[in-house]
Amino acid sequence: MKVPLLDLKAEYAGLRDEILPALDRVCQSSAFVEGPEVQAFEREFADFCGTAYCVALSSGTAALHLGLLGIGVQAGDEVITTPNTFLATAEAITYCGARPVFVDIDPATANLDPKLLERAITPCTRAIVPVHLYGRPADMNPIREIAAHHNLRVLEDAAQAHAARYRQQRVGSLGQAAAFSFYPSKNLGAYGEGGALTTNDEGIAKFARAARSHGQTARYAHEFVGFNYRMQGFQGAVLRIKLRRLHAWTQRRREIAREYRRLLEPAKLTMPIDDPHDECVYHQFVIYVKNRPAVIAQLAEREIETSVHYPTPVHLQPAYSSLGYPAGTFPHAERACERVLSIPLFPEMSAEQVQYVGNAVLEVVGTK
Ligand SMILES: Cc1ncc(COP(=O)(O)O)c(C=O)c1O
């Protein structure tokens with residue numbers, strides 16, 4: 001049985017009758033950049049996240065960048081984050097002229113370990129960027145307490161965690177601001193690039209609205225040098241339709257994850273744990289395996305697609321060699337990257353596919 005890592009074609013099949021007329025409406029109105037669909041999506045996504053403001057942007061990377069600038073990160077500052085993330089988290093810090101400072105992960109959750117935060121703080125530290133990796137909320141209470149104690153700002157990287165909850169509160173509302181990505185493969189994905197910044201801070205929202213459109217506060221009134229980080233009209237239309245399904249899709253992701261955990265129980269595999277107080281939204285379902293290339297090959301023989309998120313921690317990427325972190329600096333993140341494997345999980349998966357993948361993984365790794 002063929003099982004892809006995710007199946008956007010199957011998703012589209014269920015949405016086509018709504019998407020095509022919505023795209024047609026955008027074409028008829030010529031609102032190709034921003035416009036009414038994007039504005040409506042901003043209101044709906046802010047309501048969904050429980051924040052006062054949502055600023056739609058051209059990507060999650062743009063959202064991180066404007067989020068950092070909005071919370072006051074400047075050249076020469078240090079910003080603390082996790083090395084176990086997609087490069088964009090660190091890149092946005094670099095765009096501000098600031099320096100990414102990493103702290104290791106808690107191996108139990110794969111997220112930034114709050115116990116290690118305090119020792120990374122220096123007089124130059126301005127902000128912390130926790131990443132809700134794989135859709136699992138970072139442990140925000142201790143992070144926020146430490147931030148408040150040291151007068152630091154917190155920007156959530158919620159690119160992988162739409163609809164996740166930390167202690168019953170939606171991610172996106174847990175720091176001064178939060179960055180979301182709507183890259184097509186995300187839990188809420190556009191049909192192209194997209195992102196958003198959510199916040200309860202009016203000043204940050206105002207700044208981001210101007211900054212995304214060349215620093216304009218009114219047409220051709222450029223208050224400062226900004227960017228072209230605007231969202232396309234098509235993406236607003238698509239995201240509004242998909243947002244209405246997000247709750248049901250999230251429930252299905254969580255159901256599949258529960259079934260995988262049940263099926264894989266006998267293998268006694270290590271995988272990130274779920275805190276029962278939180279709601280992980282399973283952007284990826286990851287397991288840790290010893291002989292990863294062999295496991296990938298044996299699952300591929302069974303027509304099961306897998307992926308690795310991520311094979312190299314950010315501090316060991318050539319792009320960040322100048323930061324001078326040698327191998328061994330963040331042993332938990334490095335070990336996770338050596339062993340992590342993502343197996344298929346998407347809302348349209350049939351019960352048979354879930355059983356098939358679970359049993360195949362058990363067969364391939366259960367005996368090792
Ligand atoms: C954790 C994380 N941060 C940031 C990004 C960047 O988002 P985008 O690709 O929309 O720029 C992504 C997604 O690619 C991500 O997974």
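Residues numbered from 1 in each chain as written. Predicted model: local features only at pLDDT ≥ 70, side-chain atom pairs only at ≥ 80, totals over all residues. Heavy atoms only, no water.

Peer 1: Can you help me understand the overall build of the protein in this one?
Peer 2: Helices and strands together make up the secondary structure of the protein, namely 10 helices and 13 strands. In terms of overall size, the protein behaves like a compact globule, its C-alpha atoms giving a radius of gyration of 20 Å where 368 residues would be expected to give roughly 21 Å. Overall, the protein is about 65 × 55 × 35 Å in size when its C-alpha atoms are taken along their principal axes. Sorting the 368 residues of the protein into buried and exposed places 55% on the buried side. The long-range fraction of contacts in the protein, counting pairs at least 24 apart against all pairs at least 6 apart in sequence, stands at 71%. (Helix = DSSP H or I, 4+ residues; strand = E, 2+ residues; numbered from the N terminus. Rg over C-alpha atoms; globule rule 2.2 N^0.38 Å. Buried < 20%, exposed > 50% of the residue type's maximum accessible area, 1.4 Å probe, protein only. Contact = heavy atoms within 4.5 Å.)

Peer 1: So what exactly am I meant to see when it comes to the domain arrangement of the protein here?
Peer 2: Frequently, the measure chosen for interface size is the accessible area removed from exposure when the parts meet. With domains assigned, the protein is organised as domain 1 (8–240) and domain 2 (246–365). Here the C-alpha centroids of domain 1 and domain 2 sit 24 Å apart. If you look at the interface, domain 1 gives 41 residues, while domain 2 gives 38 residues. Carbon and sulfur atoms supply 60% of the area buried between domain 1 and domain 2, which totals about 3400 Å² over both sides. (Domains from an automatic or database assignment. Buried area = accessible area lost by both parts, 1.4 Å probe.)

Peer 1: Which parts of the structure should I look at to understand the sheet that holds strand E1 (residues 53–57)?
Peer 2: Backbone hydrogen bonds are what pair the strands of a sheet, in a parallel or an antiparallel way. With mixed pairing, the 7 strands of this open sheet are ordered in space as E1-E9-E8-E5-E4-E2-E3. Looking at which strands have only one partner, the edges of the open sheet turn out to be E1 and strand E3 (99–102). The mean angle between the axes of side-by-side strands here comes to 25°, regardless of whether they run parallel or antiparallel. One ladder, built from 3 bridges, connects strand E5 (residues 153–157) with strand E8 (residues 177–181); its direction is parallel. Following the sheet pairing, Asp157 is matched in E8 by Ala179. (Pairing = 2+ DSSP bridges. Axes fitted to C-alpha atoms, helices over the stretch in contact; angles between N-to-C directions.)

Peer 1: How should the pairing of strand E9 (residues 195–199) be read in this particular structure?
Peer 2: Strand residues, when the strand is regular, have side chains that alternate between the two faces of the sheet. Of all 5 residues in E9, 5 are buried; the element is thus mostly enclosed. With burial as the criterion, each face of E9 is covered, one bearing Gly195, Leu197 and Thr199 and the other bearing Ala196 and Thr198. Here E8 runs beside E9; their pairing, made up of 5 bridges, is antiparallel. Bridge pairing in E9 places Ala177 opposite Thr199.

Peer 1: Just checking my understanding: could you explain the site of the ligand for this structure?
Peer 2: If you check the shell around the ligand, you find 16 residues, and the closest are Gly60, Thr61, Asp157, Ser181 and Lys186. Between the ligand and the protein, one listed contact pairs an oxygen atom with a backbone N or O atom of Gly60 at 2.8 Å. Here an oxygen atom of the ligand and a side-chain polar atom of Lys186 are 3.1 Å apart. Burial of the ligand by the surrounding chains reaches 93%, relative to a free accessible area of 390 Å². For the shell around the ligand, the elements supplying multiple residues, two or more each, are helix H3 (60–70) and helix H4 (88–95). The greatest single-element share of the shell around the ligand, amounting to 3 residues, is contributed by H3. Along the lines of polarity and charge, the residues of the shell around the ligand split into 6 nonpolar, 8 polar and 2 charged. (Near = heavy atom within 4 Å. Polar contact = N/O pair within 3.5 Å; in protein donor to acceptor, adjacent residues only side chain to side chain. Areas by Shrake-Rupley, 256 points an atom, 1.4 Å probe, with all protein chains shown as cover. Nonpolar A, V, L, I, M, F, W, Y, C, P; charged D, E, K, R; others polar.)

Peer 1: Explain the packing of aromatic side chains to me, please; I cannot follow it from the model alone.
Peer 2: How two aromatic rings sit relative to each other is given by the distance of their centres and the angle of their planes. On inspection of all chains with the given rule, the structure shows 15 aromatic pairs. Note on Tyr12 and Tyr191: the rings are 6.0 Å apart at their centroids and 70° apart in plane angle, and the pair reads as edge-to-face. Of this pair, Tyr12 sits in helix H1 (residues 8–29) while Tyr191 is found in the loop between E8 and E9, placing the two residues 179 residues apart along the sequence. The interplanar angle of 20° and the centroid separation of 5.4 Å between the aromatic rings of Phe41 and Phe45 together place this pair among those described as stacked. Of this pair, Phe41 and Phe45 both sit in helix H2 (residues 36–49), 4 residues apart, which is roughly one turn of the helix. (Phe/Tyr/Trp six-rings, centres within 6.5 Å; stacked < 30°, edge-to-face > 60°.)

Peer 1: How do you make sense of H2 when you look at a structure like this?
Peer 2: Each α-helix winds once per 3.6 residues, and so residues spaced three or four apart point in a common direction. For H2, which comprises 14 residues, the first-to-last C-alpha distance of 20 Å matches the rise-based estimate of 20 Å (1.5 Å per residue) to within 8%. Looking one or two residues beyond H2, the residue adopting positive phi is Gly50, at roughly 75°. (Expected span 1.5 Å × (residues − 1).)

Peer 1: What's the story with the packing of helix H7 (residues 233–264) against helix H10 (residues 351–365) in this structure? I'm lost.
Peer 2: In a pair of packed helices, the angle between the axes and the distance between the axes together describe the arrangement. Packing of H7 against H10 leaves a shortest axis separation of 9 Å and a crossing angle of 35°. The handedness of the crossing between H7 and H10 comes out as right-handed. For the pair H7 and H10, the contacting residues are Arg252, Ile256, Glu259, Tyr260, Arg262, Leu263 and Leu264 in the first and Ala351, Val354, Gln355, Val357, Gly358, Asn359, Val361 and Leu362 in the second. Each residue belonging to the contact of H7 with H10 can be placed in one class, and the counts come to 9 nonpolar, 3 polar and 3 charged. (Left-handed = near helix turned anticlockwise from the far one by under 90°.)

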